[in-house]
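Listed below, chain by chain, are the residues.
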Amino acid sequence: MDGFSRFFLSALTIIFAVIGLMGLFAPDTLLEPVNISLTDPSAKAELRAAYGGTFLGLFCAAFLALRNPA
C-alpha cells in the first residue's frame, strides 16, 4: 500500500470513528446543524443505531484494511 492510500484510509478511519461515537453518545449533535430535534426516545435510539452502528462498522472495516492491506 502506497503512502497516499495509507494516509487516506487513516483519515477515513478517524472520521468514521468520530461520527460513530458521536452517533452513539451525542445523537442530538449530529442533527443540530440542520435544525432537527429528536424528542421521542425511540427516535434517538433509531439514530444511535443508524449512525453509530453504520459508522462504527465502517471504522472497523477501514481499521482492519489498514492492519492487513491484502
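None of these values were measured; they are calculated from a predicted model. (Residues numbered from 1 in each chain as written. Predicted model: local features only at pLDDT ≥ 70, side-chain atom pairs only at ≥ 80, totals over all residues. Heavy atoms only, no water.)

Another point: the nonpolar core. Counting 5 residues, the largest nonpolar core consists of L9, F16, F55, A62 and L66. Those elements giving two or more residues to this core turn out to be α1 (3-25) and α3 (41-67). Looking at this core element by element, the count peaks at 3 residues for α3. (Core = buried A, V, L, I, M, F, W, Y, C linked by side-chain atoms within 4.5 Å. Buried < 20%, exposed > 50% of the residue type's maximum accessible area, 1.4 Å probe, protein only. Helix = DSSP H or I, 4+ residues; strand = E, 2+ residues; numbered from the N terminus.)

In this section: unusual backbone geometry. What you tend to see is this: most non-glycine residues have negative phi, and most peptide bonds are trans. The backbone phi angle of N35 is positive, close to 55°, even though this residue is not glycine. By the element assignment, N35 lies in the loop between α2 (27-31) and α3.

The subject of this paragraph is α3. Helix length check: α3, at 27 residues, gives a terminal C-alpha distance of 37 Å against a target of 39 Å (1.5 Å per residue), a fit within 8%. Buried residues along α3 sit in contact with α1 and α2. (Expected span 1.5 Å × (residues − 1). Contact = heavy atoms within 4.5 Å.)

Another point: the pattern of salt bridges. In the structure shown here, the tally under the stated rule is 1 salt bridge. Between K44 and D28 there is a salt bridge; the shortest N-O distance is 3.3 Å. In this pair, K44 sits in helix α3 while D28 sits in helix α2, placing the two residues 16 residues apart along the sequence. Classification of K44 by relative accessible area gives partly exposed; the value is 23%. With relative accessibility at 35%, the residue D28 sits in the partly exposed group. (Salt bridge = Lys/Arg side-chain N within 4 Å of Asp/Glu carboxyl O.)

What follows is about the packing of aromatic side chains. Applying the stated criterion across every chain yields a total of 4 aromatic pairs. Ring geometry for Y51 against F55: centres 6.1 Å apart, planes inclined by 5°, an arrangement best described as stacked. Placement of the pair is Y51 and F55 together in helix α3, with a separation of 4 residues, close to one helical turn. Taking relative accessible area as the criterion, Y51 reaches 31% and is therefore assigned partly exposed. Here the aromatic cluster, defined as three or more aromatic residues joined through ring pairs, consists of F16, Y51 and F55. (Phe/Tyr/Trp six-rings, centres within 6.5 Å; stacked < 30°, edge-to-face > 60°.)

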